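Read off the chains here:
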Amino acid sequence: MSDTPALLVKQLTVNYDKVPVLWDIHFSIPAGNTVGVIGPNGAGKSTLLKAILQMIDPLSGKVEFFGLPFKKARARIAYVPQRSSVDWDFPITTLEVVMMGLYGRLGLFAWCGSKEKKEALNALDMVGMSSFADRQISQLSGGQQQRVFIARALLQDADLYFMDEPFAGVDMATEQSIMQLLRDLKAKGKTLFIVHHDLNTVEAYFDWVIMLNTSLVACGPVKEVWTELALSETYGRGSFVLDEAVKLSLRRTSGFK
Amino acid sequence: MSYSLLDFFTDPVLRAPTLGSIFMCISSSLVGVIVVIRKRSLLGEALSHASYPGIALGVTLLAAFFTPSSDGFALAVLGCAFISSLLGMLLIDLLQKRFRVKDDAALCFVLSSFFGLGVLIASRIQTTHALWYKQVQAFLYGQTATMRDIHILIYAALLVFTCVTLGLLYREIQILTFDRSFGQSIGINSKFVETAVLLLTVLAIVIGIRSVGVVMMAGMLIAPALASRQLTHTLKHMFIVSGVIGAISGFCGNYFSVMIPFYLKAEKLSLPTGPMILLTASFLCLLALLFAPQRGLITRMLRVLKFKRNCQLENILKALWKEEKKEGVLLQEVASSQNLSSFKTWLRMRKLLSKGWLSIENHRFILSDKGEKKAREVVRLHRLWELYLVHLGHCKDKVHASAEEMEHVLTPELEKQLTDFLRNPMHDPHDQPIPHKEGKE
């Protein structure tokens with residue numbers, strides 16, 4: 001494997017209404033790692049993901065994927081949004097959701113025949129959901145919904161996976177089976193970038209960790225950076241002042257007293 | 001005069017309004033699907049009202065130069081309506097983004113202010129230019145009777161345009177509406193798709209106001225889409241069903257407005273087409289809301305009743321099994337123990353007899369082998385659930401009520417999971433034996 005990092009983030013700053021949500025983030029991730037993004041609520045974890053994937057415009061900064069800009073690397077990237085970010089009452093079947101994973105590769109106008117359908121069913125089978133293919137998504141449980149999302153990402157057949165809290169609101173058994181799938185992906189040399197909230201499992205799940213609280217607290221192999229000091233810096237009282245200042249600044253800059 | 005169904009498509013006077021309305025209703029029903037799944041139903045209402053000042057102003061300005069009856073005039077007025085509606089849309093956007101007005105407030109503000117402006121212009125010309133005023137009024141409540149063959153072509157062309165655009169953008173719309181951020185991550189240009197959808201919405205509204213009018217247009221967007229949402233569970237089918245309901249409404253509106261006065265022998269009774277179209281669509285929507293096989297209110301109520309009856313049946317079986325009376329029980333005894341009226345008890349017993357769960361001897365009901373098996377299953381679920389709750393840390397005196405409910409709900413899969421989780425238990429928390437499945441005594 002070459003020395004080009006799978007993900008390189010340079011001086012990334014994201015503002016919402018002139019208030020920094022992410023401030024001067026700089027890190028690089030070597031390929032083939034499972035990376036956990038850790039930080040308290042409002043630390044900008046999801047924002048980091050969205051800024052990296054160009055869904056929100058950063059104020060400044062540059063992101064490279066395998067040394068390439070986003071547009072050129074898009075086909076090698078898969079994204080799993082937060083489960084709660086979508087409308088699960090939408091009129092769509094499980095299989096149709098999974099099929100979305102194909103369009104990035106094949107194009108939006110590609111004809112999806114039996115071969116593609118088989119691929120999608122195969123992905124569903126990998127997450128143990130093939131019997132739910134024709135089910136309407138509103139009938140799925142939380143863990144099943146998450147597995148459908150994972151199946152869609154598997155179908156994208158990417159090299160770099162971004163996942164926003166894939167274990168949120170998921171039962172233990174599902175968490176374990178998802179984790180096994182992620183380990184399989186890692187074994188194939190894929191890079192996984194996962195926003196995570198359960199501090200207890202960090203050491204078991206990840207080999208690289210990014211600790212975030214608006215600014216970057218630490219980034220590196222879990223064994224090196226996962227320390228009490230870094231944790232207290234990430235979750236410590238220091239951030240309360242920042243939160244307060246952010247709120248104040250938001251009011252001032254939008255003209256409220 | 002009496003017309004056959006076919007006459008509505010061939011008669012030189014009837015065919016233009018009928019076909020025109022059908023095409024227009026299909027396009028608004030299709031666009032309505034997007035509006036409904038994006039949960040932006042009020043947008044249709046706001047945009048249709050926002051077109052009114054455009055119509056009033058357009059008629060006033062254009063009538064000074066053209067004869068109001070020419071085809072070009074009608075199209076030009078629709079153009080003005082389109083621009084006016086578009087301005088309304090931009091204002092909504094501006095209010096939300098710049099002035100941070102909430103979505104619903106911005107929509108209501110644009111709806112009422114634009115409509116008010118339209119009313120003002122219309123009332124100005126009411127007395128001075130009565131002919132122009134009539135033209136404006138035609139758009140307020142819709143008027144199909146004056147449509148000519150050229151309108152069939154115009155509306156057909158607009159329908160084809162709508163269908164082609166929707167067909168091309170189908171996957172984008174599906175992905176972006178369901179999961180916007182995923183759509184962006186695979187490279188869908190969300191701004192382009194959203195602008196296209198909004199323009200299509202404005203277009204569908206402007207097409208529609210000629211038939212059903214500014215005031216009722218939003219209903220034509222929403223009603224067929226809502227009905228089809230009740231009946232389908234994929235977006236593709238939702239578009240198809242909505243389009244069909246739209247077409248039916250468009251036809252029936254015209255049919256009823258001509259034929260009802262005829263049937264009632266009241267030739268002077270005038271039933272305007274626009275409201276008839278909307279009433280048909282609303283009626284179909286109401287039917288779907290009430291009777292849709294999965295989501296309909298009545299169908300769900302029937303299912304609740306059936307479930308309740310099933311609970312009563314199972315409770316009776318359970319009681320008979322527990323009493324273990326070889327000589328059987330009387331109807332009255334069951335009624336008092338189950339707290340049911342004797343008539344209801346009689347009905348339930350008849351059902352149990354017909355299922356073969358009971359037999360009857362000398363007016364006494366006796367549990368059959370089949371019934372006993374069923375009763376044991378219910379009791380098993382009840383006691384498994386009690387044990388499970390105690391396992392979770394609940395007090396054993398308080399688990400009975402929950403088990404009374406769960407015994408009727410638990411599926412065989414869940415039962416298996418419970419059995420495995422509790423390691424195939426023999427006794428419930430109250431030291432009662434948990435009956436095993438048949439053959440596993």
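The structure under discussion appears in the preceding block.
This structure is a prediction, so every number in the text was calculated from the model and none was measured.

Criteria and cut-off values
Residues numbered from 1 in each chain as written. Chains lettered and ligands numbered in written order. Predicted model: local features only at pLDDT ≥ 70, side-chain atom pairs only at ≥ 80, totals over all residues. Helix = DSSP H or I, 4+ residues; strand = E, 2+ residues; numbered from the N terminus. Rg over C-alpha atoms; globule rule 2.2 N^0.38 Å. Buried ≥ 20, exposed ≤ 12 C-beta atoms within 10 Å, placed from the backbone. Contact = placed C-beta atoms within 7 Å. Pairing = 2+ DSSP bridges. Axes fitted to C-alpha atoms, helices over the stretch in contact; angles between N-to-C directions. Core = buried A, V, L, I, M, F, W, Y, C linked by C-beta atoms within 7 Å.

Novice: Is there a simple way to explain the overall build of chain B in this structure?
Specialist: Helices and strands together make up the secondary structure of chain B, namely 18 helices and 2 strands. Relative to the globule expectation of 22 Å for 441 residues, the C-alpha radius of gyration of chain B, 32 Å, shows a markedly less compact shape. The dimensions of chain B, computed from C-alpha atoms along their principal axes, are 100 × 60 × 35 Å. Of all 441 residues assigned to chain B, the portion counted as buried reaches 44%. Within chain B, contacts between residues separated by at least 24 positions form 70% of all contacts whose residues are at least 6 apart in sequence.

Novice: Explanation requested: unusual backbone geometry in the structure shown.
Specialist: Most of the time, phi is negative for any residue but glycine, and the peptide bond is trans. Residue and element names in this part refer to chain B. Look at R100: it is not a glycine, yet its phi comes out positive at around 55 degrees. Among the structural elements, R100 can be located in the loop between helix 5 (71-97) and helix 6 (103-128). Phi at H363 is positive, roughly 65 degrees, even though this residue is not glycine. Relative to the assigned elements, H363 resides in the loop between strand 1 (358-361) and strand 2 (364-367).

Novice: When you look at the sheet that holds strand 3 (residues 34-38) of chain A in this model, what are you seeing that I'm missing?
Specialist: Sheet strands associate in pairs through backbone hydrogen bonding, adopting either a parallel or an antiparallel arrangement. Residues and elements named next belong to chain A. Ordered by their spatial adjacency, 6 strands build an open sheet running 5-6-7-3-8-9, and the pairing between neighbours is mixed. Each edge of the open sheet is held by one strand with a lone partner, namely strand 5 (77-80) and strand 9 (215-221). Each neighbouring strand pair of the sheet contributes to a mean axis angle of 15 degrees, computed without reference to strand direction. Alignment of strand 3 against strand 7 (residues 191-195), held across 4 bridges, turns out to be parallel. Each residue of the ladder has a partner; that of T34, found in strand 7, is L192.

Novice: Just to check I follow, could you spell out the sheet that holds strand 4 (residues 60-65) of chain A for this structure?
Specialist: All names here are of chain A. Taken together, 3 strands build an open sheet; the order of strands is 2-1-4 and the sheet is antiparallel. On the outer flanks of this sheet lie strand 2 (19-29) and strand 4, each paired with one strand and no other. Going from strand to strand, the sheet's axes swing by 20 degrees on average, the running direction of each strand aside. Bridge count for strand 1 (residues 7-16) against strand 2 is 7 bridges, and the pairing is antiparallel. Looking across to strand 2, one finds that V9 is bridged to F27. Together, strand 1, strand 2 and strand 4 form the strand contacts of helix 1 (residues 45-52), whose direction differs from that of strand 2 by roughly 65 degrees.

Novice: How do you make sense of helix 3 (residues 41-50) of chain B when you look at a structure like this?
Specialist: Residues lying three or four places apart along an α-helix face the same way, a consequence of the helix completing one turn every 3.6 residues. With 8 of its 10 residues buried, helix 3 of chain B lies for the most part within the structure. Those residues of helix 3 of chain B hidden inside the fold are in contact with helix 2 (15-37), helix 4 (52-63), helix 5, helix 6 and helix 10 (190-231) of chain B.

Novice: I'm lost on the environment of B:L111 in this one. Help?
Specialist: Residue and element names in this part refer to chain B. Here L111 is to be found in helix 6. Considering only alpha carbons, one finds L111 and F139, 28 residues apart in sequence, at a separation of 16 Å. Those residues in contact with L111 that lie beyond four places of it in its chain are E45, A46, H49 and A50.

Novice: Help me understand the nonpolar core in this model?
Specialist: Burial of nonpolar side chains together is a common tendency in soluble globular proteins. A:V98, A:A151, A:Y161 and B:M220 are the most contacted members of the largest nonpolar core, which has 158 residues in total. In terms of residue count, the dominant contributor to this core is helix 10 of chain B (23 residues). The contact partners of A:Y161, leaving out residues within four places of it in the chain, are A:A78, A:A153, A:L185, A:K190, A:L192 and A:F193. Core analysis: the second largest hydrophobic core is formed by 25 residues, B:M349, B:V379, B:Y388 and B:A403 among them.

Novice: It is not clear to me how the environment of B:M220 should be interpreted in this structure. Could you clarify?
Specialist: Residue and element names in this part refer to chain B. Position of M220 among the secondary structure elements: in helix 10. Take M220: there are 35 C-beta atoms within 10 Å of it, and that puts it in the buried class. The spatial distance from the C-alpha of M220 to the C-alpha of I209 is 9.8 Å, given a sequence separation of 11 residues. Not counting the four nearest positions on each side in its chain, M220 is found in contact with C25, S28, G208, V212, I277, L278 and A281.

Purely geometric numbers; function is a separate question.
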